[in-house]
Number of protein chains: 2
Amino acid sequence: MPTIHDVARLAGVSIKTVSNAINDYPYMRPATKQKVIDAIAELGYRPNLTARNLRSGRSGLLSLIIPDLRNAYFAELADSVMRAADAQGLSVIIEQSGGEKDRELALLHSDRAQLADGILYSAAGLREDEAHLLTSVSTPIVLLGEHILHGPTDHVTMQNVEGARAATEHLISLGRTRILALGARAGQTDGSAGLRLTGYMQALDEAQLPFDPALVVDIVGWYRFTGADAMRRILASGIKFDAMVAFNDAIALGAMRVMQEFGIRVPDDVAVVGYDDIDEAQYSLPTLSSINPGRDEIATVAIRYLTERIASEVPLAPRDHLSQFELIVRESSR
Amino acid sequence: MPTIHDVARLAGVSIKTVSNAINDYPYMRPATKQKVIDAIAELGYRPNLTARNLRSGRSGLLSLIIPDLRNAYFAELADSVMRAADAQGLSVIIEQSGGEKDRELALLHSDRAQLADGILYSAAGLREDEAHLLTSVSTPIVLLGEHILHGPTDHVTMQNVEGARAATEHLISLGRTRILALGARAGQTDGSAGLRLTGYMQALDEAQLPFDPALVVDIVGWYRFTGADAMRRILASGIKFDAMVAFNDAIALGAMRVMQEFGIRVPDDVAVVGYDDIDEAQYSLPTLSSINPGRDEIATVAIRYLTERIASEVPLAPRDHLSQFELIVRESSR
DNA sequence: GCTCAACTCTACAACGTGGGAGATCCCGCG
DNA sequence: CGCGGGATCTCCCACGTTGTAGAGTTGAGC
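Not measured: the values here are computed from a predicted model. (Residues numbered from 1 in each chain as written. Chains lettered and ligands numbered in written order. Predicted model: local features only at pLDDT ≥ 70, side-chain atom pairs only at ≥ 80, totals over all residues. Heavy atoms only, no water.)

Peer 1: Looking at this structure, I do not really get the relation of the copies chain A and chain B. What am I missing?
Peer 2: In summary, the two copies of the chain are related to each other by a rotation about an axis coupled with a shift along it. For the pair chain A and chain B, the superposition axis carries a translation of 0.0 Å, the fit reaches an RMSD of 0.1 Å, and the rotation angle comes to 180°. With respect to symmetry, the two chain copies, as superposed, fit the operation of a two-fold axis. Judged by C-alpha distance, A:I93 is the residue of chain A that lies nearest the rotation axis, at 2.3 Å. Most of the interface of chain A is mirrored in chain B, where 100% of its interface residues are also at the interface. (Least-squares fit on C-alpha atoms with pLDDT ≥ 70 in both. Contact = heavy atoms within 4.5 Å.)

Peer 1: It is not clear to me how the environment of A:A167 should be interpreted in this structure. Could you clarify?
Peer 2: Residue and element names in this part refer to chain A. Mapped onto the fold, A167 is located in helix α8 (residues 160–173). Taking relative accessible area as the criterion, A167 reaches 0% and is therefore assigned buried. Note: C-alpha distance between A167 and I328 (161 residues apart in sequence) is 9.1 Å. Sequence-distant contacts of A167, that is, excluding residues within four places in its chain, are made with V245, V273, I291 and L327. (Helix = DSSP H or I, 4+ residues; strand = E, 2+ residues; numbered from the N terminus. Buried < 20%, exposed > 50% of the residue type's maximum accessible area, 1.4 Å probe, protein only.)

Peer 1: I'm lost on the environment of B:G60 in this one. Help?
Peer 2: Residues and elements named next belong to chain B. One can find G60 in the loop between α4 (49–56) and β1 (61–66). Residues G60 and A85 lie 25 residues apart in sequence; the distance between their C-alpha atoms is 9.6 Å. Those residues within four positions of G60 in sequence are excluded, and the remaining contacts are L90, S91 and D117.

Peer 1: In this structure, what is going on with the protein's contact with DNA strand D? I would like to understand it.
Peer 2: The environment of DNA strand D is made up of 25 residues, and the closest members are A:I4, A:Y45, A:R55, B:T17 and B:T32. Sugar and phosphate atoms constitute 66% of the interface atoms of DNA strand D, taking the interface as everything within 4 Å of the protein. A distance of 3.4 Å separates a phosphate oxygen of DNA strand D from a polar side-chain atom of A:N23. Contacts to DNA strand D include A:Y45, whose side-chain N or O atom sits 2.5 Å from a phosphate oxygen. Secondary structure elements with two or more residues in the surface near DNA strand D: α1 (4–11), α2 (15–22) and α4 (49–56) of chain A together with α2 (15–22) and α4 of chain B. Grouping the constituent residues of the surface near DNA strand D by class yields 10 nonpolar, 9 polar and 6 charged. (Near = heavy atom within 4 Å. Polar contact = N/O pair within 3.5 Å; in protein donor to acceptor, adjacent residues only side chain to side chain. Nonpolar A, V, L, I, M, F, W, Y, C, P; charged D, E, K, R; others polar.)

Peer 1: Would you mind showing me how to read the protein's contact with DNA strand C here?
Peer 2: In the vicinity of DNA strand C, 25 residues are found, and the nearest of them are A:T17, A:T32, B:I4, B:Y45 and B:R55. The sugar and phosphate moieties of DNA strand C supply 63% of its atoms located within 4 Å of the protein. B:S19 places a polar side-chain atom, nitrogen or oxygen, 3.0 Å from a phosphate oxygen of DNA strand C. B:N48 is positioned with one of its backbone polar atoms (N or O) 2.9 Å from a phosphate oxygen of DNA strand C. Put simply, the parts of the chain that give the surface near DNA strand C at least two residues each are α2 and α4 of chain A together with α1 (4–11), α2 and α4 of chain B.

Peer 1: Just to check I follow, could you spell out the packing of α1(A) against helix α3 (residues 30–43) of chain A for this structure?
Peer 2: Angle between the axes and distance between the axes are the two parameters that describe a pair of packed helices. Residue and element names in this part refer to chain A. At a closest axis distance of 9 Å, the pairing of α1 and α3 adopts a crossing angle of 120°. The orientation of α1 relative to α3 falls into the category oblique. The hand of the α1/α3 crossing is right-handed. Across from D6, V7, L10 and A11 in α1, the residues of α3 making contact are K35, V36, A39, I40, E42 and L43. For the contact of α1 with α3, a count of residues per class yields 7 nonpolar, no polar and 3 charged. (Axes fitted to C-alpha atoms, helices over the stretch in contact; angles between N-to-C directions. Parallel < 35°, antiparallel > 145°, perpendicular 65-115°, else oblique. Left-handed = near helix turned anticlockwise from the far one by under 90°.)

Peer 1: How should the interface of chain A and chain B be read in this particular structure?
Peer 2: Facing 50 residues of chain A, the contacting portion of chain B comprises 50 residues. With both chains or domains summed, chain A and chain B bury close to 4600 Å², and 55% of this area falls on carbon and sulfur atoms. Counting the surface chain A buries against chain B, the share from its top three residues, A:R46, A:R257 and A:Y283, is 14%. Where chain A touches chain B, the interface holds 14 salt bridges. Two residues, A:D86 and B:R112, come together in a salt bridge whose shortest N-O distance is 3.1 Å. One can count 22 residue pairs in polar contact (both at pLDDT 80 or more) joining chain A with chain B. Elements with a minimum of two residues in the side of chain A that touches chain B: α4, α5 (72–87), β2 (91–96), α6 (101–109), α7 (111–115), α10 (224–237) and α11 (249–261) of chain A. Element by element, the count of residues in the side of chain A that touches chain B is highest for α5(A), at 7 residues. (Buried area = accessible area lost by both parts, 1.4 Å probe. Salt bridge = Lys/Arg side-chain N within 4 Å of Asp/Glu carboxyl O.)

Peer 1: Got a minute to help me understand the pairing of strand β3 (residues 118–122) of chain B in this structure?
Peer 2: All names here are of chain B. Taking burial as the measure, the 5 residues of β3 include 5 buried ones, the bulk of the element. Side chains G118, L120 and S122 project from β3 onto one buried face, and the interleaved I119 and Y121 project onto a second face that is buried too. In terms of strand pairing, β3 meets strand β4 (residues 141–144) through 4 bridges, oriented parallel. When the bridges of β4 are listed, Y121 appears paired with L143. (Pairing = 2+ DSSP bridges.)

Below, the structure written as structure tokens:
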């Protein structure tokens, strides 16, 4: 690997002149610059980023901490984040926490995380009341998702209450009255589950529909199989319902599958709306109505907040951003 | 951020002694080491990885170049790779190429890629006859997937021919005789499509079943919607078939969805086997039989090859590794 | 022809760490 | 008591880059 010294020697100039040429320093004779350029080409020289990073104190790397890439929502979020980062010339190191608090904290404090200029942190294990643990991290952080709403730093997320309300209103507008809320979490009022439940209840209230606690189904872990399991329990219990708001697409798909096993028709017998609008919602049978939470907007704003934090000399006050959502109506609720 | 100098000053020793303490240099008095440890704790010192990287010439970063994270196969591959890397204390920078040749090459030669100690390269755009372009990259590379089989470096992949043959044999064993091969690519004999087609044909041969070219369906781009589109064309054409080997799970799921729209029962009318065994195969309706290609093994071996290449003083001869596959029989072919 | 500012380039230092070589100390042994 | 050798620690420097300061050059204006 040739270094800047080799280029300087070949071009017959000082290393600083080579550096100047690379960095478009204005006060250079064109002839000198050309000599440097030629030497760079001849040697195939490329600047050593590590050295540059050491000098500048920046690495151009962001760390994205998410629970699990196999979860389609996070894979698509990662995709959005990487595209937004790429547009800024930044690279992304993805770290999987498995949603475990200990591992999340370990990742935040790991030597590896410290290599990144900033951290996009989609907390799953850490709770609101543990948010103060974040202040001990000197690397700028932007929070994604719901688990920490009022942390010591910026927070970018989706309109959970409004999205769930829109989904529920949509089902009500179809004339449905007994609407399952699939994916609640006992006692949780913040977090995605709690917020979406709030939206669900707001919609019922508005429409003056009675709230039946039996229609609210707790699920720990939003995966296809937990959705399927929950639906089996519901059907076994004999509860009647004519619609379902699922708090993410995975459990909606799992539950739909079980309903179909039991001969329940979607949307005729039960209309279904999911949440997240993952790619698969377009290809399930029937295609799944869903709330598109505005992932690209979340990613873009999060990266902007984070780069601003990185660049800022002074501590910034925490900011909040809620992305635009959109109800996508497909076959499952038509 | 305290540096090693601050620690040295506080502990009353030289910076090298601090360095020695951190790196478990054996010849130290326990008392000295303790002083250093105390000082580190008091200051909250953490070694600067960038400086360490510059000094050592290693970054502990690997670059994983894949077409698209939104594709479940690659998301799950990335997951496996990150776990395998994590076990070695390495971080992974994921770069999405979109499957475009120009972007793939740009990524290989980008300054950012140069930050990584090694590259895991899942080529999609680059062809076999362009493999020589890889030799101009000085960073160690390990190839994943089929697009370049005999490149200038290690290659880790799955047993495509054998897997597709096993899938086809399984369908034949169910008494099926007119088996669609969904996902071929005209004229391609290498690449996943070509290899899997070869396995399909071998199984037919062995069973002395006739080969009907009409049953081989080309698909460009293996997504749910291309699988769905292809199936619509097939049904429109009136070709008769009683089974289907799809060359990945996404097109299998897309095609199944269309079959069900048309009232074709899976597996009664048409038995289906996919390829890749993505998570979703366990949750579709019906659940999808598939070939588990051994992703974890691919990831582990690829990381091992790559770290060996990185550590090696001398150029290594290209190696090949084929992972173990497994036929997973589920409802779609039972 | 002189002055001054702008232009062009260079030497040096510094970012934070770890390798190498050497200085000092201590202990056992003859 | 002197010596050899291991134990322990320090000094110096290099990794490759860029910021700072300044030296030397050029040219416009008078």
